[in-house]
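# Fold and contact review
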Amino acid sequence: MKKNRFGRTEYQISQLTFGGGWVGGILINSNEKIMFDALNLANKNGINWIDTAEAYSNGVSEKNIGKILPQMKENKFYISTKAKLDLETKESIFSQLDRKIDYSLQRLNKDYVELYQLHNKILSKTDKESFSPKEILKKGGVLESLEKLKSEGRIKYIGITALGDIDAINTVILSNHFDTAQVYYNLLNPSSSFSHKKEWNDHDFTNLINNCKSRDMGIMNIRIFAAGYLATNFRHGREIPITYGINENELNRRVNKIQSLLNDLEGTNSQKALRYGLSNKNLSTIIIGLETISHLEEALKANQMGPLDTNTLDKISNLKRKNFDQI
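The structure reproduced in this document is the subject of the present report. Fair warning: this is a prediction, and the values are worked out from it, not measured in the lab. (Residues numbered from 1 in each chain as written. Predicted model: local features only at pLDDT ≥ 70, side-chain atom pairs only at ≥ 80, totals over all residues. Heavy atoms only, no water.)

Scanning the protein from terminus to terminus reveals 12 helices and 12 strands. Here the protein has a C-alpha radius of gyration of 19 Å; the compact-globule value for 327 residues is 20 Å, and the two agree. Oriented by its inertia axes, the alpha-carbon framework of the protein measures out at about 55 × 45 × 35 Å. Counting contacts in the protein only where the partners sit at least 6 residues apart, residues at least 24 apart contribute 73% of the total. Total accessible area computed for the protein in this model is approximately 14200 Å², and 45% of it derives from carbon and sulfur atoms. Within the protein, one finds 45 positive and 38 negative side-chain charges whose respective centroids are separated by 2 Å. (Helix = DSSP H or I, 4+ residues; strand = E, 2+ residues; numbered from the N terminus. Rg over C-alpha atoms; globule rule 2.2 N^0.38 Å. Contact = heavy atoms within 4.5 Å. Areas by Shrake-Rupley, 256 points an atom, 1.4 Å probe, with all protein chains shown as cover. Lys, Arg positive; Asp, Glu negative; His and termini not counted. Charge placed at Lys NZ, Arg CZ, Asp CG, Glu CD.)

On the basis of which strands lie adjacent, the closed barrel formed by eight strands has the order E3-E4-E5-E6-E9-E10-E11-E12 and parallel pairing. Recorded for the sheet is a direction-independent mean angle of 30° between the axes of neighbouring strands. (Pairing = 2+ DSSP bridges. Axes fitted to C-alpha atoms, helices over the stretch in contact; angles between N-to-C directions.)

Another aspect to go through is unusual backbone geometry. One non-glycine residue, Glu-10, lies in positive phi territory at about 70°. With respect to the element layout, Glu-10 can be found in the loop between strand E1 (3–5) and strand E2 (12–14). Backbone geometry places Phe-324, a non-glycine residue, at a positive phi of 65°. Relative to the assigned elements, Phe-324 resides in the segment after helix H12 (310–321).

Below, the discussion takes up the packing of aromatic side chains. Counting across every chain of the model gives nine aromatic pairs. With a centroid separation of 5.5 Å and 75° between ring planes, the pair formed by Tyr-11 and Trp-49 is classed as edge-to-face. Of this pair, Tyr-11 sits in the loop between E1 and E2 while Trp-49 sits in strand E4 (residues 49–51), and the two are 38 residues apart along the sequence. For the pair Tyr-11 and Tyr-78, a centre-to-centre distance of 4.8 Å together with 50° between the ring planes defines the contact as tilted. Placement of the pair is Tyr-11 in the loop between E1 and E2 and Tyr-78 in strand E5 (residues 78–83), with a sequence separation of 67 residues. Overall, Tyr-11 belongs to the buried group, its relative accessible area being 15%. (Phe/Tyr/Trp six-rings, centres within 6.5 Å; stacked < 30°, edge-to-face > 60°. Buried < 20%, exposed > 50% of the residue type's maximum accessible area, 1.4 Å probe, protein only.)

Moving on to the side chain of Asp-51. Following the sequence through the fold, Asp-51 ends up in strand E4. A residue is classified by how much of its surface remains accessible, and Asp-51, at 3% relative accessible area, is buried. Among the polar contacts listed, one links the side chain of Asp-51 to the side chain of Ser-80, at a separation of 2.6 Å. A distance of 3.1 Å separates polar atoms of two side chains, one belonging to Asp-51 and the other to Gln-182. If sequence neighbours within four positions are ignored, Asp-51 has contacts with Thr-17, Phe-18, Gly-19, Gly-20, Tyr-56, Ser-80, Lys-82, Gln-117, Gln-182, Met-220 and Ile-287. (Polar contact = N/O pair within 3.5 Å; in protein donor to acceptor, adjacent residues only side chain to side chain.)

A few words now on helix H9 (residues 248–261). The terminal C-alpha atoms of H9, which comprises 14 residues, lie 20 Å apart, in line with the 20 Å expected from a rise of 1.5 Å per residue. Taken together, the buried positions of H9 are occupied by Glu-250, Leu-251, Arg-254, Val-255, Lys-257, Ile-258 and Gln-259. Buried residues along H9 sit in contact with helix H10 (269–278) and H12. If you check the start of H9, you find a side-chain oxygen 3.2 Å away from the backbone N of Asn-249, and it comes from Asn-247. (Expected span 1.5 Å × (residues − 1).)

Just geometry here; none of it tells us what the structure is for.
Below, the structure written as structure tokens:
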């Protein structure tokens, strides 16, 4: 599998990252043999990164990773995890991170992680679950606390989850203090790749990728399957929305438009969605959420198929320009 430079970290990261999240759930809901077989298959096929978080089933994902990886004969995985902070507690930001990273490392069975990321959204004004740029960048804030952990060797690099208000997110990115960002990008909402918003009427992430590139940040693409909407018409109840802008009826209408447009293209719906991500050369890696080993096999095949052709990409671009009102 092709490896890409992961921004200023200088890691060589595989095009696909094994996702340990709740939506796919393979590292949470499966038995130990399935988890071992899935990670082993990924490892053998060149996937060298696993992304997880303490919040994924209250540490179950991390714990399972820490249990399975030592059983593998050859483990080539780097690991990133995330911390979601409580803004209403009296405990300091550093105290929370200090405690959380230690618990994560214990569960992961590691002395350090390659990447530690803020899991909270970033908004213009702080609320009970989200940070403003000021709270992140101020003295004694999130950034300073993460840098202290970095200096102690428990983490190698620091990143953000680039969700929330785009102006606030871009302020944090342009501060040039963070090494990586997790970026929302898929067939339904590719706005993070836009240079200008124009007529776009869904959750707006304009200039996000451009700004990450300008600061040499590694870019991890999240929700390539839009929590499953782009992968299958079956709904499993874990389709957790992390953006706002359009309602579910409009979302389903756009899914149908995309499926109709790509109907004659080779591959399954999930393979088409993944190949769209592979067509964007600015993405360092795409985090894939998996429910079964067959989903991993499907993704590996899509990776072999490679990016979409220029003609197909032009059709998709024309569709999104009019908010999916064509065809």
